[in-house]
Amino acid sequence: MAVVKSSVEFPVALTDIQVGSPERANFEADFKKAMAEKIAGGSVFDDEKIIIDQIVAARRRHQRRLQTSVSSAVEVEWHVEIPAEVITEVANL
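Residues numbered from 1 in each chain as written. Predicted model: local features only at pLDDT ≥ 70, side-chain atom pairs only at ≥ 80, totals over all residues. Heavy atoms only, no water.

*Asks:* Could you clarify how one ought to interpret the nonpolar core in this entry?
*Replies:* With 16 residues, the main nonpolar core has Phe 31, Ile 50, Ile 55, Trp 78 and Val 80 as its most contacted residues. Mapped onto this core, the elements with two or more residues apiece are helix H1 (22-38), strand S2 (51-57) and strand S3 (74-82). Not counting the four nearest positions on each side in its chain, Ile 55 is found in contact with Leu 14, Ile 17, Arg 24, Phe 27, Glu 28, Val 74, Glu 75 and Val 76. (Core = buried A, V, L, I, M, F, W, Y, C linked by side-chain atoms within 4.5 Å. Buried < 20%, exposed > 50% of the residue type's maximum accessible area, 1.4 Å probe, protein only. Helix = DSSP H or I, 4+ residues; strand = E, 2+ residues; numbered from the N terminus. Contact = heavy atoms within 4.5 Å.)

Here it is, written out as structure tokens:
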């Protein structure tokens, strides 16, 4: 087994998916399902194997204004334990 960690950004405001809300639960469930299907076409494991480590406001890499603004995106940090035979496929996500 290998542990693969990654992160992905989504155009969703963190305030729209607050911890404990139904929106957060739906977002997390949809994320896990989509990742499980993306990795090896869903044939390796189910969505329960996708572990969300944290969801944070996405950092702006190129901020042109000096003003502080609310991020309208989130970054999902996640990991999964996978069989060695699919490590190459996961690395290419």
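So much for the structure itself; the text now carries on.
*Asks:* Would you take a moment to explain the pattern of salt bridges for this structure?
*Replies:* Two side chains that carry opposite charge are able to pair once their charged atoms sit near each other. A full pass over the atoms with the stated rule returns one salt bridge. With a closest N to O distance of 2.9 Å, Arg 24 and Glu 28 form a salt bridge. On the criterion of helical spacing, the pair formed by Arg 24 and Glu 28 is a turn pair, its members being four residues apart in helix H1. Arg 24 gets classed as buried once you look at its relative accessible area, which sits at 11%. The exposure class assigned to Glu 28 is partly exposed, which follows from its relative accessible area of 25%. (Salt bridge = Lys/Arg side-chain N within 4 Å of Asp/Glu carboxyl O.)

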